[in-house]
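Take a look at the letters that make up each chain.
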Amino acid sequence: MEAFLAAMIVAATPLLFAALGELVTERSGVLNLGVEGMMLVGAVCAFITALSTGSTALGAVAGAAAGVAMAGLFALVALGFSANQAAAGLALTIFGTGLSGLIGAGYVGVPLPKAQPLFPASWAEGIPYGRAILGHDAMVYLAVVLAILLWWFLARTRGGLKLRAVGDNADSGHALGLPVLWIRLLATLFGGAMAGLGGAYLSLAYTPMWGEGMTAGRGWIALALVVFATWRPLRVMVGAYLFGGVMILQLFVQGSGLQIDFPAQFLSSLPYWATIIVLVVISRNLSSIRLNSPASLGKPYRPDA
Amino acid sequence: MITLEPRPAPSRLMAALSPLLAILLTLIAGALLFALLGKNPLQALRVYFLSPFDDAYMRAEVLVKAVPLALMGAGLAVCFRANVWNIGAAGQFTLGAIGAGAAALFIPATSPFAVLLVPLIAGTVFGMLWAAIPAALRTRLGVNEILVSLMLTYVATLLLDWLVRGPWRNPRGFGFPQTNVFPDWAGVPLLVEGTRLHVGALIAVAVAVGLGLMMARMLRGLRLRVTGAAPRAAGFAGFSAAGDVWFALLLSGGLAGLAGALEALSTVGRLQPEIGAQAGFTAIIVAFLGRLNPVGALLGALVLAVSAIGGENAQILLQLPKNVTGVFQGMLLFFLLACDALINYRPRLAARRMA
């Protein structure tokens, strides 16, 4: 049980980073479907940086920076040129999938030393599930802290209010004197940094190595998590851990020696089915979605100067 | 400082010029990319975009590559016009291949059903069924079709993987994950002997022209366009939004299934884990390059097929990684979307405003 919990938390972390970032982006009214592409480029840049400098921390920074650069590309087209956001996001994912494969071509399968746990092992003794809770590297806790900080930022600060105002009604925001496009740009870049961190966590700590298309749909699952959480950070956290559990279920069933005659491919498809089911369940509660979804999500905005 | 100023009406000229401008920009960016990779940019561009025209066989290969892209691109063009975002064409393609494969493998050659039409229909129906899942969930429960159709793509890949490694594997295949070779009756007739060009090319042209007429001349096309552009107006006109969502998804799913069936029956000739389903994503770019017009998608499919064949040549001749093609495709869509801003906006050199 302890091992399962520990693995679940690790599997949830990349989802949590990416989903929190996308949540902020969407709250500002921008739908970026390029999460998968940003995660992949973040993963490969983080991996190469960590490999050549020997520093996991620098790797994570590089991953975030790569995510920002990718998000900047999206912002240029979707915000600067007022393009269709869904199409621009798809372009970002196609571009990022190709680019990450190109950058990482010489690095496939090279192993990286595993990141060190943040807390000394002695701390975990005596606490129930201590190893599952305290035995991780710094990024796991960073993700949790960020989720709480984002809740506070969105719900309790002036900045969060401005962000939500722009996402709900860009015209009113503009009329109030808010710099709509700048706020959206910042939110989009933040989403990129978080997706980059999520990708970095995959290639630095989760696997830790680089493989083409290693995100395996996690960017898309992160998008679904934002809907599932009805755009609330703490619920994103719950959702991410839930999905972390579903993702590692497969490994535990295979490793448990249980003689189940169940094809591995069916177990591998569980997270994707779970995503669909979760979307169905949440859509039964339409009022909650309507109340919380940013009203101008995905609509391009251009101030008539 | 350059600013964008709204045009009084969308520019028809720019709508036609934008794809050409985007292709030009992609070529320039591609030259820079090749220079970064340490290749001679002009030579690399030649391999990428001119070598596919070198001989008759190569030209036929471009058309072979364009068939699934055109079929799926035309379906997606209709779908996107109706503001329905089916991005799971790759999954519907895979299901189409599975459906066609099931018919080809399990219908005995002596059966009256052992004719090519049966696996083609089976593939189309399987693709439609796979697309019916996001359609049902969107119309009945309001679930976002983008995420559902995409998730089902991953499921489809795993399903095919299981079939060819498990129950359908050829027992005498030396352990390779693949089925038996399809029987002769399920082969797609060739158009030109000595090449791989098959009658699917004619089907693709017929489908694109038919859908083009539907969008331009028929009530269904009008409904789809109105639903996509102004959903409230469509509601006032009494058009059922759910009906249009179903139509758009079943159409694009069925065409993706047909593309998968044709690909499995013609160029692959059996089922295996890799059957070229990636084309389902490329078809998104095809649809946009073709101005979300089914006939335009034919041209878009040709452009992307040239770059795909060129990419294969570049892998062999220049040892360029295969991912360069994906980078190209992403860049092309980016440039296209940016250039499309010129349809509705006029760029203006403006002095910084004094505030």
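Conventions used here
Residues numbered from 1 in each chain as written. Chains lettered and ligands numbered in written order. Predicted model: local features only at pLDDT ≥ 70, side-chain atom pairs only at ≥ 80, totals over all residues. Heavy atoms only, no water. Patch = residues over 30% accessible without salt bridge, like charges linked within 9 Å, V, L, I, M, F, W, Y side chains within 5 Å. Areas by Shrake-Rupley, 256 points an atom, 1.4 Å probe, with all protein chains shown as cover. Salt bridge = Lys/Arg side-chain N within 4 Å of Asp/Glu carboxyl O. Helix = DSSP H or I, 4+ residues; strand = E, 2+ residues; numbered from the N terminus. Buried < 20%, exposed > 50% of the residue type's maximum accessible area, 1.4 Å probe, protein only. Contact = heavy atoms within 4.5 Å. Buried area = accessible area lost by both parts, 1.4 Å probe. Nonpolar A, V, L, I, M, F, W, Y, C, P; charged D, E, K, R; others polar. pLDDT = per-residue confidence, 0-100. Core = buried A, V, L, I, M, F, W, Y, C linked by side-chain atoms within 4.5 Å. Axes fitted to C-alpha atoms, helices over the stretch in contact; angles between N-to-C directions. Left-handed = near helix turned anticlockwise from the far one by under 90°. Phe/Tyr/Trp six-rings, centres within 6.5 Å; stacked < 30°, edge-to-face > 60°. Lys NZ or Arg CZ within 6 Å of the ring centre and 35° of its normal. Arc of directions from axis to C-beta. Polar contact = N/O pair within 3.5 Å; in protein donor to acceptor, adjacent residues only side chain to side chain.

**Brief notes about a nonpolar patch on the surface**
Residues and elements named next belong to chain A.
- The grouping of V145, I148, L149, W151, W152 and L234 at the surface amounts to a nonpolar patch, some 550 Å² of accessible area in total.
- Relative to the elements of secondary structure, V145 occurs in helix α6 (residues 138–156).
- For V145, a relative accessible area of 44% puts it in the partly exposed group.

**Concerning unusual backbone geometry**
- Residues other than glycine seldom take positive phi values, yet W231 of chain A does so here, at roughly 60 degrees.
- Along the chain, the position of W231 of chain A falls in the loop between α10 (218–228) and α11 (233–255).
- With relative accessibility at 4%, the residue W231 of chain A sits in the buried group.
- Its identity is not glycine, yet L292 of chain B carries a phi of approximately 55 degrees, on the positive side.
- The class for L292 of chain B is buried, based on a relative accessible area of 16%.

**Points about the interface of chain B and chain A**
- Facing 41 residues of chain B, the contacting portion of chain A comprises 45 residues.
- Summing both partners gives a buried area of about 3,700 Å² for chain B against chain A, and 83% of it is carried by carbon and sulfur.
- Counting the contacts that link chain B with chain A gives 1 salt bridge.
- Between E212 of chain A and K322 of chain B there is a salt bridge; the shortest N-O distance is 3.4 Å.
- Secondary-structure elements contributing two or more residues to the side of chain B that touches chain A are α5 (117–141), α6 (145–165), α11 (279–289) and α13 (323–344) of chain B.
- Its residues placed into classes, the side of chain B that touches chain A shows 32 nonpolar, 5 polar and 4 charged.

**A closer look at the confidence of the model for chain B**
Residues and elements named next belong to chain B.
- Averaged over every residue, the pLDDT of chain B is 90; the share at 70 or more is 98%.
- Considering each helix and strand of chain B separately, the mean pLDDT is smallest for strand β1 (residues 2–6), with a value of 77, and largest for helix α4 (residues 89–106), with 96.
- Both scores are given for the predicted complex: the pTM is 0.91, the ipTM 0.89.

**A closer look at the nonpolar core**
- Ranked by size, the top nonpolar core spans 218 residues in total, and within it W220 of chain A together with L71, F80, L265 and F288 of chain B carry the most contacts.
- The dominant element in this core, judged by the number of residues it contributes, is helix α3 (residues 56–81) of chain B, at 15 residues.
- Ignoring sequence-local partners within four residues, the contact set of F80 of chain B consists of W85, N86, I284, A287, F288 and L292 of chain B.

**A closer look at the packing of α11 of chain A against helix α13 (residues 270–283) of chain A**
Residues and elements named next belong to chain A.
- Between α11 and α13, whose axes approach to 9 Å, the crossing angle comes to 145 degrees. With respect to the hand of their crossing, α11 and α13 are arranged in right-handed fashion. Every residue of α13 that contacts α11 at R235, F243, V246, M247 and L249 is listed here: L270, P271, A274, T275, V278 and I282.
- Taken together, the residues that form the contact of α11 with α13 break down as 9 nonpolar, 1 polar and 1 charged.

**A word on the environment of L336 of chain B**
Residues and elements named next belong to chain B.
- Tracing the sequence through the fold places L336 in helix α13.
- The buried category is assigned to L336, whose relative accessible area is 0%.
- It is 16 Å that separates the C-alpha atoms of L336 and L302, two residues lying 34 residues apart in sequence.
- Contacts of L336, omitting those with residues within four sequence positions, involve S18, P19, A22, F288, L289 and R291.

**Some thoughts on the packing of aromatic side chains**
All names here are of chain B.
- Going through the model one piece at a time under the given rule, you end up with 12 aromatic pairs over all chains.
- Linked through ring pairs, F34, Y48, F49 and F328 together constitute an aromatic cluster.
- A cation over an aromatic ring shows up here: R220 above the ring of F247, its NZ or CZ 4.5 Å from the ring centre.

**Some words on helix α2 (residues 41–49) of chain B**
All names here are of chain B.
- All buried positions along α2 are accounted for by A44, L45, V47 and Y48. Viewed end-on, α2 has its buried residues packed into an arc of 160 degrees, placing them on one side of the element.
- On its buried face, α2 is in contact with α1 (12–36), α12 (294–318) and α13.
- Between the side-chain oxygen of the N-cap and the backbone nitrogen of L42 there are 3.1 Å, and the N-cap of α2 in question is N40.

**Some remarks on the pattern of salt bridges**
All names here are of chain B.
- Applying the stated rule across the entire model yields 10 salt bridges over all chains.
- A salt bridge links E61 to R196; its shortest N-O distance comes to 2.8 Å. In this pair, E61 sits in helix α3 while R196 sits in the loop between α6 and α7 (200–217), placing the two residues 135 residues apart along the sequence.
- E61 gets classed as buried once you look at its relative accessible area, which sits at 10%.
- The exposure class assigned to R196 is partly exposed, which follows from its relative accessible area of 35%.
- One salt bridge connects E312 with K65, and the closest N-O pair in it is separated by 2.8 Å. Placement of the pair is E312 in helix α12 and K65 in helix α3, with a sequence separation of 247 residues.
- Through salt bridges with shared partners, a single ionic network connects R220, R223 and D244.

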